[in-house]
Amino acid sequence: MAQASGLDPLVDGEDERPKWDNKLQYLLSCIGFAVGLGNIWRFPYLCQTYGGGAFLIPYLIALVFEGIPLFYIELAIGQRLRKGSIGVWTSISPYLGGVGLGCFSVSFIVCLYYNTVLVWVLWFLLNSFQDPLPWSTCPLNLNRTGFVQECQGSGTVSYFWYRQTLNITADISNSGTIQWQLFLCLVACWTVVYLCVIRGIESTGKVIYFTALFPYLVLTIFLIRGLTLPGATEGLTYLFTPKMQILQNPRVWLDAATQIFFSLSLAFGGHIAFASYNPPRNNCEKDAVTIALVNSMTSLYASITIFSIMGFKATNDYGRCLDRNILSLINEFDFPEQSIPRDEYPTVLMHLNATQPERVARLPLKTCHLDDFLDKSASGPGLAFIVFTEAVLHMPGAPAWSVLFFGMLFTLGLSSMFGNMEGVITPLLDMGVLPRGIPKEAMTGLVCLVCFLSAMCFTLQSGSYWLEIFDNFAASLNLIIFAFLEVVGVIYVYGMKRFCDDIEWMIGRRPALYWRVIWRVVSPMLLFSILLSYVILLAQQPPSYEAWNPQYEQFPSREEKLYPGWVQVICVLLSFLPSLWVPGVALVQLLSQYRQRWKDTQLERSPKPEGRC
């Protein structure tokens, strides 16, 4: 690929470029970037929603035909050209420079809101060093005569999340004020990120040993504890019981493909940056397969851990539901205390319904089915900050488990931030934005400061609504477009033969027929299908959000609202602005070449001065 930039393909790249201390450091950095919060709070949700074990079928197909091949391309071009995303795509073709700028833009935007999630995690982590945990009970009302009504209506954990953490407004149009506890956590998070990435891979390479490995230790501890809790078996059975008929739903295949895509952090530019610090003759093919498989196995491992705990929570909630109904029967019919065991409740209720149906009908009995409680799943922040947090409350030694859980989430998010920041900082360093006299630390500090100032909007009371908008619209569509252009750019613009020549030079052998067929035919078609399906899905669904409104009739259910017109405009801009770099740069390049040709033509036509005798 060095040919594209006019270099001898047999010459090793820049000697001055930083290098990884060892191979393990590089692998852990890539794994830390790929394995993020989505492995913990999205993959288990998709597995449960789409038929348990049946979901693994489209997931593995997407991994083999989309995830690993595209990942291989990113590692190969980064390693061979030894540049960030902007430099790589400008080298391949000046007309594709917009792909690099688009990846850079998306990485910058993702840095803003991804680190805000770490702000929330840090806030919960700091509050976990208390016994009892602050979300275990409702606070007293102003008169101190009872508990706050909003907390009683929603539950202690939901109240702590929505009111005491976010202090959320009931409408996105009402921005509210900055929440100073979140602002201080934002300062702390960006300070931690800056200290970790201050010298690029020289500093992140040291921290990554802890941030990449600690989550596996915590997951293992939670798994061992979870499997010993009552209800773990029911949770795992519910998770992995295959429902093959669900595969007839096209949405399953789309979600499987997009989950692989985002889980591997493809098209961000971070993996290209990481690979650019590798030795030119490193075996990038082996790395791509290894990292992708570790990422997928981590998702599966996390699902087992999460649902062993969720099974315990569901069993606990199911038991409390039965206990409330039993207490109602005992009080109504004057039965002796503890005279109705949980196992005999259905029989007793059936008998009373047959003999005294009118008295039973007057009782506020709830329908209690274990599957209903197992169905109460969530993804994203809802799983981390509400569902799983509530499950931890029921575990003995809850504060210790809460510290472990949020500590794990913080290190997971931090290692992913390293990759996102590399996707921003490496292209800037390669382009020489700042003069050579200014150290890298200053550039890194400037980037972190700009990100911090830009992310302050997420500490407003409406901040979580805006974070959801950025997450749904800023990255998803743009990344799919950039991934499609990556495959087309390398295979059809740069050329399959030259790409295979470079891989042969790097790893000592040409890519197998499998890779060549996938790159040339399957991956472009699959990515184009995903892109088309995603656009159709967005067009069919009016942009809406779920507001937390204590005045809502069905509270604590969230009220679904359509975005105001001005917010919808912002959604559209976020969806397409990064992608506009591609035609914009291509047009500028075309006009530049046309202007140069016009100048050359004018010079040829201008009369030459006659020589003197």
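Residues numbered from 1 in each chain as written. Predicted model: local features only at pLDDT ≥ 70, side-chain atom pairs only at ≥ 80, totals over all residues. Heavy atoms only, no water.

In the nomenclature of an unreviewed UniProt entry, the chain is known as Transporter of Nannospalax galili. Under the UniProt heading Sequence similarities (unreviewed entry), the note attached to the chain is "Belongs to the sodium:neurotransmitter symporter (SNF) (TC 2.A.22) family." (UniProt positions renumbered as here; feature names shortened; annotations may be inferred.)

1. Focus: the overall build of the chain
Helix and strand counts for the chain come out as 24 helices and two strands. In terms of overall dimensions, the chain is globule-like: its C-alpha atoms have a radius of gyration of 28 Å, near the 25 Å expected for 613 residues. Each principal axis of the C-alpha distribution contributes one length, and for the chain these read about 130 × 55 × 45 Å. The buried share of the chain, reckoned over its 613 residues, is 53%. On the chain, roughly 27,200 Å² of surface is accessible, and the fraction owed to carbon and sulfur atoms is 62%. Separation of charge centres in the chain, based on 40 positive and 44 negative side chains, amounts to 9 Å. (Helix = DSSP H or I, 4+ residues; strand = E, 2+ residues; numbered from the N terminus. Rg over C-alpha atoms; globule rule 2.2 N^0.38 Å. Buried < 20%, exposed > 50% of the residue type's maximum accessible area, 1.4 Å probe, protein only. Areas by Shrake-Rupley, 256 points an atom, 1.4 Å probe, with all protein chains shown as cover. Lys, Arg positive; Asp, Glu negative; His and termini not counted. Charge placed at Lys NZ, Arg CZ, Asp CG, Glu CD.)

2. Focus: the packing of helix α1 (residues 23-34) against helix α14 (residues 284-333)
Between two packed helices, the angle of one axis relative to the other and the distance separating the axes together describe the packing. At a minimum axis separation of 10 Å, α1 and α14 run at an interaxial angle of 45 degrees. Judged by the inter-axis angle, α1 sits oblique to α14. α14 is crossed by α1, and the crossing has right-handed handedness. From α1, K23, Y26, L27, C30, I31 and A34 reach across to α14, where they touch D287, I291, V294 and N295. (Axes fitted to C-alpha atoms, helices over the stretch in contact; angles between N-to-C directions. Parallel < 35°, antiparallel > 145°, perpendicular 65-115°, else oblique. Left-handed = near helix turned anticlockwise from the far one by under 90°. Contact = heavy atoms within 4.5 Å.)

3. With respect to the nonpolar core
Judged by nonpolar contacts, the single largest core of 181 residues is most densely connected at W190, L409, M421 and F499. The greatest single-element share of this core, amounting to 26 residues, is contributed by helix α21 (residues 463-507). Beyond its immediate chain neighbours, meaning those up to four positions away, W190 contacts C111, N115, M417, M421, C448, C451, F452 and A455. In terms of nonpolar packing, the next biggest core, distinct from the first, is built from 17 residues, Y238, I340, V360 and L363 among them. (Core = buried A, V, L, I, M, F, W, Y, C linked by side-chain atoms within 4.5 Å.)

4. Observations regarding the packing of aromatic side chains
All told, the structure shown has 44 aromatic pairs when counted by the stated rule. On the numbers, 5.1 Å between centres and 80 degrees between planes, the contact of W120 with W161 is edge-to-face. Highlighted residues: W120 in helix α6 (residues 97-127) and W161 in helix α8 (residues 156-165), separated in sequence by 41 residues. Side by side, W120 and W161 carry an identical accessibility label, which is buried. Positioned above the aromatic ring of Y238 is the side chain of K243, whose terminal nitrogen or guanidinium carbon lies 5.3 Å from the ring centre. The ring of Y494 has R498 sitting right over it, with the charged end atom 4.3 Å from the ring centre. (Phe/Tyr/Trp six-rings, centres within 6.5 Å; stacked < 30°, edge-to-face > 60°. Lys NZ or Arg CZ within 6 Å of the ring centre and 35° of its normal.)

5. Things to note about the pattern of salt bridges
Oppositely charged side chains can form a pair if their charged atoms are brought close together. Tallied over the full model, the rule gives 17 salt bridges. The salt bridge involving R163 is made with E150; its shortest N-O contact spans 3.2 Å. Separated by 13 residues along the polypeptide, R163 in helix α8 and E150 in helix α7 (residues 149-154) bring together distant segments of the chain. A relative accessible area of 17% means that R163 is categorised as buried. Measuring nitrogen to oxygen at the nearest pair gives 3.2 Å for the salt bridge that ties R251 to D255. Of the two residues, R251 and D255 both sit in helix α12 (residues 250-263), four residues apart, roughly one turn of that helix. Look at R251 and you get partly exposed, because its relative accessible area is 32%. (Salt bridge = Lys/Arg side-chain N within 4 Å of Asp/Glu carboxyl O.)

6. Here we look at the state of the cysteines
One pass over the full model with this rule turns up two disulfides. Here C138 engages in a disulfide with C151; their sulfurs sit 2.0 Å apart. A torsion of -85 degrees about the S-S bond marks the disulfide between C138 and C151 as left-handed. Here the residue C138 occupies a position in the loop between α6 and α7, and C151 occupies one in helix α7, the gap between them amounting to 13 residues. Since its relative accessible area comes to 15%, C138 is described here as buried. By relative accessible area, C151 is classed as buried at 1%. Sulfur-sulfur distance for the disulfide between C321 and C368 comes to 1.9 Å. (Disulfide = S-S within 2.5 Å.)

7. Here's the deal with α1
With twelve residues, α1 ought to run about 16 Å at 1.5 Å a step, and its terminal C-alpha atoms sit 17 Å apart, in line with that. Burial within α1 is extensive, with ten of its twelve residues counted as buried. Of all the positions in α1, only Q25, Y26, L27, L28, S29, C30, I31, G32, F33 and A34 are classed as buried. By the N-cap criterion, in which a side-chain oxygen at the helix start approaches the backbone nitrogen of a residue two or three places on, α1 is capped by N22, the distance to L24 being 3.2 Å. (Expected span 1.5 Å × (residues − 1). Polar contact = N/O pair within 3.5 Å; in protein donor to acceptor, adjacent residues only side chain to side chain.)

8. Some thoughts on the UniProt feature "binding site: Na(+)" (unreviewed entry) in the chain
Sites flagged by UniProt as "binding site: Na(+)" (unreviewed entry) map to G32, A34, V35, N39, S263, N295, L412 and S416. These annotated residues cover 385 residues of sequence, but their C-alpha atoms sit close together, with the largest distance between any two at 12.6 Å. Here V35 is to be found in the loop between α1 and α2 (37-41). Owing to a relative accessible area of 5%, V35 belongs among the buried residues under this scheme. Discounting residues that sit within four places of it in the chain, V35 has contacts with Y216, S263, N295, T298, L412, S415 and S416. When neighbours within four sequence positions are excluded, S416 is seen to be in contact with G32, F33, V35, G36 and Y114.

9. Considering the environment of L349
Here L349 is to be found in helix α15 (residues 345-355). Taking the C-alpha atoms as reference points, L349 and L329, 20 residues apart in sequence, are found 8.4 Å from one another.

10. Structural notes on a nonpolar patch on the surface
A cluster of nonpolar residues, I57, I61, V64, F65, M244, W253 and Y514, forms a patch on the protein surface that exposes about 560 Å² of accessible area. Broken down by element, the nonpolar patch gets its largest block of residues, four residues, from helix α4 (residues 56-81). With respect to the helices, strands and loops of the structure, Y514 is situated in helix α22 (residues 513-540). The partly exposed category is assigned to Y514, whose relative accessible area is 34%. (Patch = residues over 30% accessible without salt bridge, like charges linked within 9 Å, V, L, I, M, F, W, Y side chains within 5 Å.)

11. A few points about unusual backbone geometry
Backbone torsion omega between D131 and P132 reads 5 degrees, so that peptide bond is classified as cis. Note that P132 resides in the loop between α6 and α7. The omega torsion of the bond from F555 to P556 falls at 15 degrees, within 30 degrees of zero and hence cis. Along the chain, P556 turns up in the loop between β1 (544-547) and β2 (559-562). The backbone of S265 shows a phi angle near 55 degrees, a positive value even though the residue is not glycine. Tracing the backbone shows S265 in the loop between α12 and α13 (270-275).

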